[in-house]
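Chain and residue survey
This is what each chain is made of:
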Amino acid sequence: MVGVPTLPNSGLAIGALVHKPDRTAADIDGFVAAHSFPLIEGRNCTFVFRGAVDSVKLRHWIYGLASTQDFQSLPGTDFWYLVLELPERSRVEYKLEIAEGPNQRLITDPFNDNYAHDPFGSNSVVHGHGYEVPDWSEEDPSVRPGMMTELRLHSHVLGTTKQVGIYLPARFRPSRRYPLLIVHDGPDYIRFSRMKVVLDNLIHRLEIPGMIVAFTHAEDRLQEYAHHRPHADFLATELMPQLERDFPLMKGSRARGLVGASFGAVAAFSAAYHYPQHFGRLLLQSGSFAFSDIGEHERGPLFDPVVEFINEYRREPKAISDKIFMSCGIYESLIYENRSFLPILQSTGMDIRYTESPDGHNWENWRDRLREGLSWLYPGPLWMVYE
Amino acid sequence: MNAEATSVADIQITLLGPQSNGELMGRVLEGNTDRLATISAGWQEREADADELAVMGLPADVDLELYHRSDAVMAADPDYRKAHRSLQRSLRELRRMYNVRLDHAMASWSTLMDWPVNEDLADPHLARPEQERAMAAVRAVDREHADRVQELRDEFEAAMGLAEREHVRRQRDELAERMNGVDTVVVTGGHVVVLLNRMRLFDVPALLAGKSVVACSAGAMALAPTVVLFHDTPPWGPGHAEVLEHGMGLFDGVIPLPDGSRRLALSDARRVARLAQRFEPTPCLVLDSNSQARFTRGHWESPDGVLRLTTEGTSEEIRQW
């Protein structure tokens, strides 16, 4: 578990500094200069901060822990520190909450150059022992890149014009037919989960086949993605036929997939529910599958249609797709909902894979699961092609 | 090996790995591209693509276009197309069953190979015969699968009367004519099953008789006596190498492992040893982009050296065998 270890006799570098007799300012400077922070020592992680402030707290989004952890100061100095126990391969996003008199500010960690970005800004990121950014998520100049183009279509059911980013794989040939993936929150998947780079790499490595990917975007995702029938109609009766007209797509539900994270996962699942056996592959990441067994749910009114939908599905589960890959971080509150949803889905006979990771509700967690999800839903010709 | 395969004594074969530029190909061909033909059916829709051939240092307009010829046969001969698809479905199903057997056989072998030496026993090496039997079981699964695939293919070819079918015969005749004046045939990589199917359909071994052959990646695998599929770190599954089927059998004495340095965990001694032991005494050769293996005058050689997997779990450079 993530937690605060006791410092004495810990064998940690910070312990030697804290317990050093006759410690001087030069000792602190030397300690700071000698290490990079956060300092990972086995399962322990030491954060530091320097500044003449009143308090320093670590603000994180780890479900199950208090949302802030207090730093301790070395008396008479501007040096603050905090040691957390961090399970192996963990990835945690955080900020520092600094208090100076009546003022409080939330900042990224000045000692940490590792950031994660999302639609709300940037967070500092700490990687537990053993975590590595997957090499297949990094740009590789030797990889043939796919091409992005754009499709504009007017949606009658949504009453708006939609712009959809279209990914065409490297070596795209109009004479070949391709599977299709429709991604919710498409621009965010491209920007924050590097999905274009991931697709380029996985296709190049033959781990997934060349595929056409439609990156969709919702103007009001909290409405459109919350089990909203017009959204499902848009995908199945407007976008799909347009894509089939414009691009060489393989026939059949097994060659059609939906991807979504958080509310986007609800939107994907809901569309498959409204159009059963239309989308044969679902990749659902940290789905907001909130439900209530009894009484009111506590997630707020935005979740009302979601809870109603999931409750209804839990009462009468049915097969709506062929294969579903689900993932969720163990540091996010939705882990409970996702774990609860798993046996319900399995009971329908659909082929389900579920994976958990020591990570939170964020785009890099979703990025890190793309390889196993996509390659399971769409196995590439890895075993057969030797260029 | 294919019973009707051209004798290895008749033919000079050069095996290469993936070719992302024309440097090695240029050296191998020594500028002799006037009497050249290419087979790039493994590239499927990209077959005969002039740009892709140029990357490998190969000329355009000399491709035998087996992929497109196969499409033409399929379009003109619906009975053949139907039977071909049915065969492919059966082969895919057979592969799934083979993998069930292989997983168990590999697990047993692997467990026994790690069995500790027990000094308390009268024979501390009691496990050795069990290890050998477990390995023999893996080899039996491989062999039986390859033989079974061959049975299905033979039955298919006999039932279809392949050589006598009008559209097949016409294409074969055209190809035979195209081969007049050709000295060297380059077979590129790509999808190994696609390549094998087209080679069988058009009886490519007969076309290659007396020619010099340069075969890259999947091309080398398809012409081998046994087609071994491999990848140590696939996103899913244990990554056991698989025997796909008997290859065209145009040569003996090599299991080609194209792009092996990338596809195999060469630093994992156990995996390397298992692979080498499984196919011993045939050497497993790592055919990277800069390596070649050449069969000429009755023996194999590699002018710049090529990596062979050893049964001890290492890879060693060899130049002749």
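Residues numbered from 1 in each chain as written. Chains lettered and ligands numbered in written order. Predicted model: local features only at pLDDT ≥ 70, side-chain atom pairs only at ≥ 80, totals over all residues. Heavy atoms only, no water.

1. As for the sheet that holds strand β5 (residues 72-73) of chain A
Residue and element names in this part refer to chain A. Taken together, the four strands give an open sheet; going across it, the order is β1-β2-β6-β5, and neighbouring strands pair in antiparallel fashion. At either end of the open sheet lies a strand with only one pairing partner, and these are β1 (39-41) and β5. Note that β5 and strand β6 (residues 79-85) share two bridges and pair antiparallel. Of the residues in β6, the one forming a bridge with Gln 72 is Tyr 81. Set on the sheet, helix α2 (residues 25-34) makes contact with β2 (44-50) and β6; between it and β2 the angle comes to about 125 degrees. (Pairing = 2+ DSSP bridges. Helix = DSSP H or I, 4+ residues; strand = E, 2+ residues; numbered from the N terminus. Contact = heavy atoms within 4.5 Å. Axes fitted to C-alpha atoms, helices over the stretch in contact; angles between N-to-C directions.)

2. Description of the domain arrangement of chain B
Residues and elements named next belong to chain B. Segmenting chain B into domains produces domain 1 (8-76 + 160-320) and domain 2 (90-159). Each of domain 1 and domain 2 was reduced to a C-alpha centroid, and the two centroids are 26 Å apart. For the pairing of domain 1 and domain 2, the buried interface totals around 2000 Å² over both sides, and the portion due to carbon and sulfur atoms is 50%. When the buried surface of domain 1 facing domain 2 is broken down by residue, Met 160, Arg 274 and Arg 278 rank first, second and third, together holding 31% of it. (Domains from an automatic or database assignment. Buried area = accessible area lost by both parts, 1.4 Å probe.)

3. Concerning the interface of chain A and chain B
Across the contact, 18 residues belong to chain A and 31 residues belong to chain B. In total, about 2100 Å² of surface goes out of reach between chain A and chain B, with carbon and sulfur atoms giving 56% of it. On the chain A side of the contact with chain B, Trp 383, Met 384 and Tyr 386 of chain A bury the most area, a combined 41% of that side's loss. Applying the counting criterion to the chain A and chain B interface returns four salt bridges. (Salt bridge = Lys/Arg side-chain N within 4 Å of Asp/Glu carboxyl O.)

4. Comments concerning empty space enclosed by the protein
Rolling a probe over the atoms, with the probe sized like a water molecule, indicates the empty space that remains. Applying the stated criterion to the full structure yields two cavities of 30 Å³ or more. The wall of the largest cavity is formed by Tyr 80, His 84, Leu 87, Gln 88, Arg 153, Phe 156, Glu 157, Leu 162, Asn 197, Arg 200 and Leu 201 of chain B. When residues of the lining of the largest cavity are traced back to their parent elements, those giving at least two are α4 (78-113), α5 (127-160) and α7 (192-201) of chain B. With four residues, α4 of chain B is the largest single contributor of residues to the lining of the largest cavity. When grouped by side-chain class, the residues that make up the lining of the largest cavity number five nonpolar, three polar and three charged. When residues of the lining of the largest cavity are assigned to domains, at least three fall in each of domain 1 (8-76 + 160-320) and domain 2 (90-159) of chain B. In this structure, the second largest cavity encloses a volume near 30 Å³. If you trace the second largest cavity, you find it lined by Leu 180, Met 240, Glu 244, Leu 249, Met 250, Ala 255 and Arg 256 of chain A. (1 Å grid on protein atoms, 1.4 Å probe; cavity = no way out; pocket = protein on both sides within 12 Å on 5 of 7 lines; lining within 4 Å. Points joined across faces, edges and corners; volume = space filled by probe spheres on them. Nonpolar A, V, L, I, M, F, W, Y, C, P; charged D, E, K, R; others polar.)

5. Topic: the packing of helix α6 (residues 229-246) of chain A against helix α7 (residues 263-274) of chain A
The geometry of a pair of packed helices is captured by two quantities: the angle between their axes and the separation between those axes. Residue and element names in this part refer to chain A. Viewed as axis vectors pointing N to C, α6 and α7 meet at an angle of 75 degrees, and their least axial separation amounts to 9 Å. As far as their axial angle goes, α7 and α6 are roughly perpendicular. Side by side, α6 and α7 meet where Arg 229, His 231, Ala 232 and Leu 235 of the first sit next to Ala 267, Ala 271 and His 274 of the second. Split by residue class, the contact of α6 with α7 holds four nonpolar, two polar and one charged. (Parallel < 35°, antiparallel > 145°, perpendicular 65-115°, else oblique.)

6. A look at the sheet that holds strand β16 (residues 281-285) of chain A
Residue and element names in this part refer to chain A. Strand order in this open sheet of eight strands is β11-β12-β14-β13-β15-β16-β17-β18, and the pairing throughout is mixed. Pairing within the sheet leaves two strands with one partner each, and these edge strands are β11 (147-155) and β18 (351-357). Between one strand axis and the next, the sheet turns by 20 degrees as a mean value, whatever way the strands run. Pairing of strand β15 (residues 256-261) with β16 involves five bridges; the strand directions are parallel. Looking across to β16, one finds that Gly 260 is bridged to Leu 284. Across the sheet, α6 touches β11, β12 (160-168), β13 (180-183), β14 (212-215) and β15, and the angle it forms with β11 is around 130 degrees. On the sheet, helix α11 (residues 370-377) packs against β13, β16, β17 (323-329) and β18 and is oriented at approximately 170 degrees with respect to β17.

7. Thoughts on unusual backbone geometry
Following Phe 37 of chain A, the chain continues into Pro 38 of chain A via a peptide bond in cis, with omega recorded as -5 degrees. Within the secondary structure layout, Pro 38 of chain A lies in the loop between α2 and β1. Cis geometry marks the peptide bond from Glu 280 of chain B to Pro 281 of chain B; its omega dihedral reads 10 degrees. Relative to the elements of secondary structure, Pro 281 of chain B occurs in the loop between α11 (269-279) and β9 (284-287). Residue Arg 194 of chain A is not a glycine yet carries a positive backbone phi of 50 degrees.

8. Regarding the confidence of the model for chain B
Parts of the prediction with low pLDDT should not have their coordinates interpreted in detail. In this model, chain B carries a mean pLDDT of 94, and residues with pLDDT of at least 70 account for 97%. Contacts of residues 1-10 of chain B to residues separated by more than four positions or lying in other chains number 17 contacts, the stretch itself having pLDDT below 50. (pLDDT = per-residue confidence, 0-100.)

9. Some points on the state of the cysteines
All names here are of chain B. Enumeration according to the criterion identifies zero disulfides over all chains in this entry. Cys 284 takes part in no disulfide bond, and the closest cysteine sulfur, belonging to Cys 216, lies 20 Å away. What makes Cys 284 buried here is its relative accessible area of 1%. (Disulfide = S-S within 2.5 Å. Buried < 20%, exposed > 50% of the residue type's maximum accessible area, 1.4 Å probe, protein only.)

10. A short note on the packing of helix α3 (residues 66-76) of chain B against helix α6 (residues 166-178) of chain B
All names here are of chain B. Packing of α3 against α6 brings their axes to within 9 Å, and their N-to-C directions diverge by 155 degrees. Overall, the two elements α3 and α6 adopt an arrangement that is roughly antiparallel. Considering only the axes of α3 and α6, their crossing is right-handed. Each of Leu 66, Arg 69, Ala 72, Val 73 and Ala 76 in α3 lies in contact with α6, whose residues at this interface are His 167, Val 168, Gln 171, Glu 174, Leu 175 and Arg 178. (Left-handed = near helix turned anticlockwise from the far one by under 90°.)

11. Some words on the layout of surface pockets
All names here are of chain A. Put simply, the second largest pocket is a space of about 920 Å³. Taken together, 40 residues form the lining of the second largest pocket, with Asp 118, Phe 120, His 361, Asn 362 and Trp 366 sitting closest to its centre. Mapped onto the lining of the second largest pocket, the elements with two or more residues apiece are β7 (91-100), β10 (121-127), α3 (186-192), α5 (221-224) and α10 (363-368). In terms of residue class, the lining of the second largest pocket is built from 18 nonpolar, twelve polar and ten charged. Summarising the domain contributions, the lining of the second largest pocket has at least three residues from each of domain 1 (13-127) and domain 2 (135-377).

12. Details of the packing of aromatic side chains
The tally for this structure, following the rule as stated, stands at 26 aromatic pairs over all chains. Centre to centre, the rings of Phe 269 of chain A and Phe 289 of chain A are 5.9 Å apart; their planes meet at 70 degrees, and the pair counts as edge-to-face. Pair noted here: Phe 269 of chain A is in helix α7 and Phe 289 of chain A is in the loop between β16 and α8 (304-315), with a separation of 20 residues, a long-range link. Each ring, one from Trp 300 of chain B and one from Trp 321 of chain B, has its centre 5.9 Å from the other, and the planes form 0 degrees; the classification is stacked. With a gap of 21 residues between them, Trp 300 of chain B in strand β11 (residues 299-309) and Trp 321 of chain B in the segment after β12 (315-320) connect regions that are remote in the sequence. Residue Trp 300 of chain B is classed as buried on the basis of its relative accessible area, which comes to 4%. Since its relative accessible area comes to 26%, Trp 321 of chain B is described here as partly exposed. Grouping aromatic residues by their ring pairs yields a cluster made of Phe 269, Tyr 273, Phe 289, Phe 309, Tyr 313 and Phe 341 of chain A. The ring centre of Phe 303 of chain A lies 5.7 Å from the NZ or CZ of Arg 299 of chain A, which sits over that ring. Here the guanidinium or amino end of Arg 263 of chain B rests over the ring plane of Phe 230 of chain B, the centre of that ring lying 5.3 Å away. (Phe/Tyr/Trp six-rings, centres within 6.5 Å; stacked < 30°, edge-to-face > 60°. Lys NZ or Arg CZ within 6 Å of the ring centre and 35° of its normal.)

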